[in-house]
Amino acid sequence: MKPKISVLIPTFNRYERLKKTLPTFLKTQAIEAEFIIIDNCSTDKTVDYVEEIIEKDKRIRLIKNNSNLGAQKSQFRGYCEVNSPFVIFMSDQYLMKGDYIYQCYEIFKKHENVGLIHHLVTGWQYSKKQGYEIFKKGESAVSEIFMKSGGYPGLAWRMSKFSLFDFPISAQTKYPQVKISLEIASENDIAIIF
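Residues numbered from 1 in each chain as written. Predicted model: local features only at pLDDT ≥ 70, side-chain atom pairs only at ≥ 80, totals over all residues. Heavy atoms only, no water.

Participant: How would you explain the environment of Phe 12 if you had to name every residue and give the values?
Facilitator: Among the structural elements, Phe 12 can be located in the loop between β1 (5-11) and α1 (15-26). According to the relative accessible area criterion, Phe 12 is partly exposed, its value standing at 37%. Along the chain, Phe 12 and Pro 85 lie 73 residues apart, while their C-alpha atoms are 26 Å from each other. Beyond its immediate chain neighbours, meaning those up to four positions away, Phe 12 contacts Asn 40, Cys 41, Ser 42, Asn 68 and Asp 92. (Helix = DSSP H or I, 4+ residues; strand = E, 2+ residues; numbered from the N terminus. Buried < 20%, exposed > 50% of the residue type's maximum accessible area, 1.4 Å probe, protein only. Contact = heavy atoms within 4.5 Å.)

Right under this line is the structure:
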């Protein structure tokens, strides 16, 4: 069955951290989610741990790089593996509070013009607001996402709006997600989750 949302989790030598974070992602109510873990040639127990979890949870796919490609190329490889209409970039470093994956999926389903979803980055756990806000494409969406997209974890894209050809993978590019986010926001509405 084709997944309805993909969760991309790049990792490299993060066995101890991934043991804590991955279970929080797998708790999502989005039962037709797939989890694409891109291992960037880890030398610790990361791959063994993920293979052990795959035995229990078939929603996970492990992609193993034969050599360390660097962060951007490894992430790009992950985006090339997405088989669903939506993708969320999650970090192996951060615990997920609440069901962010399901919330993004529901927003995408409800708002066909939303091409990108993110959160308040540093303050979303402490926000007194609940829910999300839609910003209309163009200047409103671009100005809202400009600084927030520097925080990569939690960025979610509608894949029909995400151009793999525009994803920068040069070593000089520090924040490839910002370029993609700004391009999407100029042509599509965005949602910010509180």
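Next comes the rest of the account.
Participant: Describe α1, and please don't skip the residues or the numbers.
Facilitator: Under the 1.5 Å per step criterion, the end-to-end length of α1 is 16 Å for twelve residues, consistent within 8% with the ideal 16 Å. Looking at α1, one finds that the buried residues are Tyr 15, Leu 18, Thr 21, Leu 22, Thr 24, Phe 25 and Leu 26. (Expected span 1.5 Å × (residues − 1).)

Participant: Help me get a handle on unusual backbone geometry, residues and values and all.
Facilitator: The phi torsion at Asn 13 lies on the positive side, around 50°, for a residue other than glycine. With respect to the element layout, Asn 13 can be found in the loop between β1 and α1. The class of Asn 13 is partly exposed, set by a relative accessible area of 28%. We note that Cys 41 has phi near 70°; this positive angle belongs to a residue other than glycine. Looking at the secondary structure, you find Cys 41 in the loop between β2 (33-39) and α2 (46-56). By relative accessible area, which is 26% here, Cys 41 ends up partly exposed.

Participant: So what's going on with the sheet that holds strand β8 (residues 189-193)? Residues and values would help.
Facilitator: An order of β3-β2-β1-β4-β7-β5-β8-β6 is seen for the eight strands of this open sheet, with the pairing classed as mixed. Two strands bound the open sheet, and with one partner strand each, they are β3 (60-64) and β6 (132-135). Neighbour-to-neighbour, the strand axes of the sheet open up by a mean angle of 20°, direction not taken into account. Pairing geometry for β1 and strand β4 (residues 86-89), over three bridges, is parallel. Along β4, the bridge assignment pairs Val 7 with Ile 88. (Pairing = 2+ DSSP bridges. Axes fitted to C-alpha atoms, helices over the stretch in contact; angles between N-to-C directions.)

Participant: With reference to specific residues and values, describe the packing of helix α5 (residues 139-148) against helix α6 (residues 176-187).
Facilitator: The packing of two helices is summarised by the inter-axis angle and the distance between the axes. Running from N to C, α5 and α6 point in directions that differ by 165°, and their axes come no closer than 8 Å. On the basis of the axis angle, α5 is roughly antiparallel to α6. The chirality of how α5 crosses α6 is right-handed. Residue-level inspection shows Ala 141, Val 142, Ile 145 and Phe 146 of α5 in contact with α6, the latter providing Val 178, Ser 181, Leu 182, Ala 185 and Ser 186. The residue makeup of the contact of α5 with α6, split by class, is seven nonpolar, two polar and no charged. (Parallel < 35°, antiparallel > 145°, perpendicular 65-115°, else oblique. Left-handed = near helix turned anticlockwise from the far one by under 90°. Nonpolar A, V, L, I, M, F, W, Y, C, P; charged D, E, K, R; others polar.)

Participant: Summarise the packing of aromatic side chains; cite the residues concerned and give the values.
Facilitator: In this structure the tally under the stated criterion is eight aromatic pairs. Judged by centre distance (6.2 Å) and plane angle (75°), the rings of Tyr 152 and Trp 157 are edge-to-face. For the pair Tyr 152 and Trp 157, one class covers both residues: buried. Through pairs of rings, three or more aromatic residues link up here, namely Tyr 79, Phe 89, Tyr 152, Trp 157 and Phe 162. (Phe/Tyr/Trp six-rings, centres within 6.5 Å; stacked < 30°, edge-to-face > 60°.)

Participant: A description of the pattern of salt bridges should follow, citing residues and the corresponding values.
Facilitator: All told, the structure shown has twelve salt bridges when counted by the stated rule. Ionic contacts of the salt-bridge type, sharing partners, join the residues Glu 34, Arg 61 and Glu 81 into one network. (Salt bridge = Lys/Arg side-chain N within 4 Å of Asp/Glu carboxyl O.)

By themselves these figures say nothing about function.
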